[in-house]
Amino acid sequence: EGEISWYDFGKDVIKLTDIQSSINTIITNEYPTPAKKPKSTVKSKDKIVHSFGWNIVSWQISFESYFKI
């Protein structure tokens, strides 16, 4: 709860929009870029929850409600 990877984000976009596509996972070393990439790019809401005491619903609920608009 509260975390999503770019891979999972992409999978959910495809699922919720009925886009006919697929996503393949790759490791950082397989993606050619001059910039160094962090090993983990998981997104988290923990910092904002702890800093401000906000009660944020899960990303799945927020994400699904966005695409229902």
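Residues numbered from 1 in each chain as written. Predicted model: local features only at pLDDT ≥ 70, side-chain atom pairs only at ≥ 80, totals over all residues. Heavy atoms only, no water.

## Digging into the pattern of salt bridges
Working step 1: Applying the stated criterion to the full structure yields two salt bridges.
Working step 2: A salt bridge links K11 to D8; the nearest nitrogen and oxygen atoms lie 3.7 Å apart. With K11 and D8 both in helix 1 (residues 6–17) and three residues apart, the pair spans about one turn of that helix.
Working step 3: Here D8 falls in the partly exposed class, since its relative accessible area comes to 29%. (Salt bridge = Lys/Arg side-chain N within 4 Å of Asp/Glu carboxyl O. Helix = DSSP H or I, 4+ residues; strand = E, 2+ residues; numbered from the N terminus. Buried < 20%, exposed > 50% of the residue type's maximum accessible area, 1.4 Å probe, protein only.)

## Let's talk about the packing of aromatic side chains
Working step 1: Overall, the coordinates contain two aromatic pairs when judged by the stated rule.
Working step 2: Look at W6 and F9: their rings are 5.8 Å apart centre to centre, the planes differ by 85°, and that puts the pair in the edge-to-face class. Here W6 and its partner F9 are both found in helix 1, three residues apart, which amounts to about one turn of the helix.
Working step 3: Owing to a relative accessible area of 52%, W6 belongs among the exposed residues under this scheme. (Phe/Tyr/Trp six-rings, centres within 6.5 Å; stacked < 30°, edge-to-face > 60°.)

## Describing the environment of T17
Working step 1: Within the element layout of this structure, T17 appears in helix 1.
Working step 2: With a relative accessible area of 29%, T17 lands in the partly exposed category.
Working step 3: The spatial distance from the C-alpha of T17 to the C-alpha of H50 is 32 Å, given a sequence separation of 33 residues.

## Details of the confidence of the model for the chain
Working step 1: Per-residue confidence for the chain averages 81 on the pLDDT scale, and 93% of its residues sit at or above 70.
Working step 2: By mean pLDDT, the top-scoring element of the chain is helix 2 (residues 46–52) (87), and the lowest-scoring one is strand 2 (residues 43–44) (71). (pLDDT = per-residue confidence, 0-100.)

## Quick look at a nonpolar patch on the surface
Working step 1: Among the surface-exposed residues, I48, F52, W54 and I56 lie close enough to one another that they form a single nonpolar patch of about 390 Å² accessible area.
Working step 2: In this fold, W54 is placed in the loop between helix 2 and helix 3 (59–68).
Working step 3: On the accessibility criterion, W54 (46% relative accessible area) is partly exposed. (Patch = residues over 30% accessible without salt bridge, like charges linked within 9 Å, V, L, I, M, F, W, Y side chains within 5 Å. Areas by Shrake-Rupley, 256 points an atom, 1.4 Å probe, with all protein chains shown as cover.)

## Topic: the packing of helix 1 against helix 3
Working step 1: Look at helix 1 against helix 3: their axes get within 10 Å of each other, and the N-to-C directions meet at 35°. Between helix 1 and helix 3 lies a crossing whose hand is right-handed. Contact residues: F9, D12, V13, L16 and T17 in helix 1; W59, F63, E64 and F67 in helix 3. (Axes fitted to C-alpha atoms, helices over the stretch in contact; angles between N-to-C directions. Left-handed = near helix turned anticlockwise from the far one by under 90°. Contact = heavy atoms within 4.5 Å.)

## Some words on the environment of V49
Working step 1: With respect to the helices and strands, V49 occurs in helix 2.
Working step 2: When sequence neighbours within four positions are dropped, the list of residues in contact with V49 reads W54 and I56.

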